[in-house]
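# Survey of secondary and tertiary structure
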Amino acid sequence: MSPWWRLLIYLLAAPIVGGLLAGIDRRLSARMQARIGPPLLQPFYDVAKLLSKERMVVRRSQSFYILFFFLLTVFTGALFFCGSDLLLVFFALTLSGIFFVLGAYKASSPYSFVGASRELIQMMAYEPAVLLTAVGLYMVTHTFSVHEIAALPSMPVLLLPGVFFALMYAMEIKFRKSPFDLATSHHAHQELVRGITTEFSGPILAIIEVAHWYENVMLLGWIFLFFSIHWAIGLACTAAAFFLLVVVDNACARVKWQFMLRSAWYVTFVLGCGNILVLWLLEMFGILTLKH
Amino acid sequence: MSGLQKSPWVIHYDASSCNGCDIEVLASLTPGFDVERFGIINTGNPKHADIFLVTGSVNEQNRDVVRNLYDQMPEPKVVVALGICACSGGIFRECYNVSGGIDTVIPVDVYVPGCAVRPEAIIDGVVQALGILEARRAAMVASSTAAGVMMIQHATAADLPELLTVQKVAYASEAEIYGDTSLPAMRQSLAEMAADFGRMVFLKGVVNGKIVATIRGYNDGQGTAHILRLSVLPYFRGRGLGRRLIAAIEAEFPRVKRYEIFTGHRSATNIHIYAKQGYRRFKTEPFNANVEWVYMEKKSS
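Overview of the structure.

About the thresholds
- Each chain has its residues counted from 1, running along the sequence as written.
- Ligands are numbered from 1 and chains lettered from A, in the order in which they are written.
- Note on the predicted model: pLDDT of at least 70 is required for a residue's local features to be given, and 80 or more for side-chain atom pairs to be given and counted; whole-chain, interface and lining totals, by contrast, use all residues.
- Lines fitted to C-alpha atoms define the axes, with helix axes restricted to the stretch in contact, and inter-axis angles between N-to-C directions lie between 0 and 180 degrees.
- Comment: elements are numbered from the N terminus, with helices defined as DSSP H or I runs of at least four residues and strands as E runs of at least two.
- Throughout, the term roughly parallel applies to angles under 35 degrees, roughly antiparallel to angles over 145, roughly perpendicular to angles from 65 to 115, and oblique to all others.
- Remark: residues whose backbone-derived C-beta atoms lie within 7 Å of one another are considered to be in contact.
- Any two strands with at least two DSSP-identified bridges between them are counted as paired.
- Put plainly, a residue is buried at 20 or more neighbouring C-beta atoms within 10 Å of its own, exposed at 12 or fewer, and partly exposed in between, counting only other residues' C-beta atoms, which are placed from the backbone.
- In this classification, the charged set is Asp, Glu, Lys and Arg, the nonpolar set is Ala, Val, Leu, Ile, Met, Phe, Trp, Tyr, Cys and Pro, and all remaining amino acids, among them Gly, are polar.

Moving on, we come to the packing of helix H4 (residues 86–106) of chain A against helix H5 (residues 110–141) of chain A. Residue and element names in this part refer to chain A. Two elements in contact, H4 and H5, have axes whose closest approach is 10 Å; the angle formed by their N-to-C orientations is 180°. The angle between H4 and H5 places the two elements in the roughly antiparallel class. Between H4 and H5, the residues in contact are Leu-86, Leu-87, Phe-90, Thr-94, Gly-97, Phe-100, Val-101, Ala-104 and Tyr-105 and Ser-112, Phe-113, Gly-115, Ala-116, Glu-119, Leu-120, Met-123, Glu-127, Val-130, Leu-131, Ala-134 and Leu-137, respectively.

The subject of this paragraph is the sheet that holds strand S14 (residues 292–299) of chain B. Residue and element names in this part refer to chain B. Pairing is mixed in the open sheet, where seven strands are placed in the order S8-S9-S10-S11-S12-S14-S13. The sheet is open, and its two borders are formed by strand S8 (151–154) and strand S13 (280–286), each paired with just one other strand. Taken pair by pair, the neighbouring strands of this sheet meet at an average axis angle of 25°, ignoring direction. Judged from the six bridges that link them, S13 and S14 form a sheet pairing that is antiparallel. Residue pairing across strands places Pro-286 opposite Glu-292, the latter belonging to S14. Sitting on the sheet, helix H5 (residues 160–178) touches strand S9 (201–207), strand S10 (210–219), strand S11 (224–232) and strand S12 (258–264), and the angle it makes with S10 is about 85°.

Of note, the amide linkage connecting Ser178(A) to Pro179(A) takes the cis form, showing an omega dihedral of 5°. With respect to the element layout, Pro179(A) can be found in the loop between helix H8 (161–174) and helix H9 (202–225). Unlike most non-glycine residues, Arg229(B) shows phi in positive territory, near 55°. Mapped onto the secondary structure, Arg229(B) falls in strand S11. In this structure Arg229(B) comes out as buried when scored by C-beta crowding, with 20 C-beta atoms within 10 Å.

This next bit is on the interface of chain B and chain A. With 22 residues of chain B in contact, the opposing surface of chain A contributes 25 residues. Considered class by class, the residues forming the side of chain B that touches chain A number six nonpolar, nine polar and seven charged.

Such coordinate-based values are descriptive only and should not be taken to indicate function.
The structure is reproduced here in structure tokens:
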């Protein structure tokens with residue numbers, strides 16, 4: 001399939017898939033808590049509702065930042081699904097995250113500030129794991145191109161279990177799940193109000209929500225790369241990983257940010273770097289060849 | 001599709017409840033009642049909420065809090081008073097520090113009595129609120145699409161309280177620009193406005209029977225018509241209502257030589273609108289530490 005077709009499918013299907021995933025997530029969570037839970041299409045109802053609400057902003061420029069957050073998130077996903085460079089995807093995503101933080105800082109409110117600084121700490125916590133993912137995938141496949149990695153009939157996770165674990169740890173942060181839903185959360189936690197999204201309401205909040213759908217679809221794409229031997233196996237493993245994220249979300253209480261930062265870096269450096277070190281040693285002593 | 005009825009997000013505030021009703025509100029969220037089945041989420045953030053649930057009577061300490069939470073919720077919104085204390089003050093009605101039910105501070109749409117109110121009654125109250133919410137949204141859509149057919153009429157003395165409200169709501173954004181709530185338009189009382197009404201021409205812009213904009217002006221007898229207090233409700237801005245009101249008030253004074261209008265020096269939108277109507281700035285005058293008035297004039301054609 002040509003990259004343009006993939007781009008078109010991504011742009012149209014990602015919000016639908018992302019919204020359904022959010023619905024599945026909420027329903028699964030409800031079932032795990034012995035509740036019935038909302039309808040599967042609830043996230044779509046929520047967004048439709050938000051779009052019909054009054055436009056209310058603290059400063060008008062905050063919507064401008066959120067618009068860029070949305071565009072850059074979609075752009076990042078487009079790069080990924082067009083099969084572009086993995087490093088470029090990671091850095092573009094960081095940029096979109098920064099716009100989100102700027103939007104929150106623009107609305108001068110203490111809740112929003114706390115959320116924004118926590119978001120920055122979260123980025124600090126997960127970025128090393130994300131970068132190691134690129135390094136690890138390069139070692140195994142000798143390319144940064146998403147297209148080529150996905151096309152290889154290989155199972156990178158077999159050689160990169162440590163890196164994959166570190167990435168899953170980062171995913172728990174990225175998906176805004178407990179125990180790391182510090183900056184904002186999709187559930188009704190009250191002590192932070194809604195952190196980084198506190199000062200956004202109505203249509204702007206709807207845009208943030210849809211941006212998260214796009215983002216989540218792309219993040220699941222990253223997981224898919226580790227299981228790209230066959231598309232069916234890849235999809236099954238990605239779905240299993242998503243289920244795992246929801247289970248952990250419901251099984252854990254929120255931790256302090258110090259713990260999140262420290263543990264994320266420990267996991268990344270011990271398991272991620274350890275994994276890469278072992279691969280490098282094995283290759284140096286000729287026990288393993290990573291040539292394709 | 002509005003989705004409004006399928007995704008009502010609530011905010012719950014305990015005004016001065018004994019916690020009996022609050023426990024029942026939380027009980028509605030638990031597996032036994034699970035209001036998330038209907039898409040109801042307890043947000044804890046007024047800016048995300050559609051329905052304001054208040055328990056307990058209002059006392060002198062939290063009048064402002066209740067008012068503030070209500071003001072921070074985006075339209076359309078509804079208020080549900082939960083429990084007999086929130087409805088009428090209940091057994092605390094006669095207390096020296098209690099003002100009474102929630103409706104002494106903000107407009108209440110649904111009253112759910114009970115001591116304590118049962119979760120079934122809470123859910124029933126919220127479901128009734130949904131109908132009102134949908135009606136409000138429909139009214140909002142109707143008035144926004146009807147903005148183009150705004151009627152401009154002479155205001156009557158009976159309109160004055162509504163005009164004052166429109167003026168104060170409209171000038172809130174000006175007060176925000178300067179960080180100063182002491183602007184004359186914000187401070188004006190009804191009596192002062194009535195005095196103005198005696199010597200000025202008041203126009204009102206009406207959409208669907210509701211006043212959404214106003215302007216006034218007077219002839220100083222020396223060939224100049226002074227135009228002031230252009231107020232358009234925030235929801236109706238950017239649709240050319242201000243421009244139409246300026247044209248209408250100018251037409252009220254056909255024999256003057258020039259028109260004069262003024263605004264604050266940092267009100268870029270106002271200055272832009274006036275400039276587009278042919279006004280040129282001719283002097284500035286300091287008003288207080290924060291604001292400098294920019295005077296603009298236009299020769300009569």
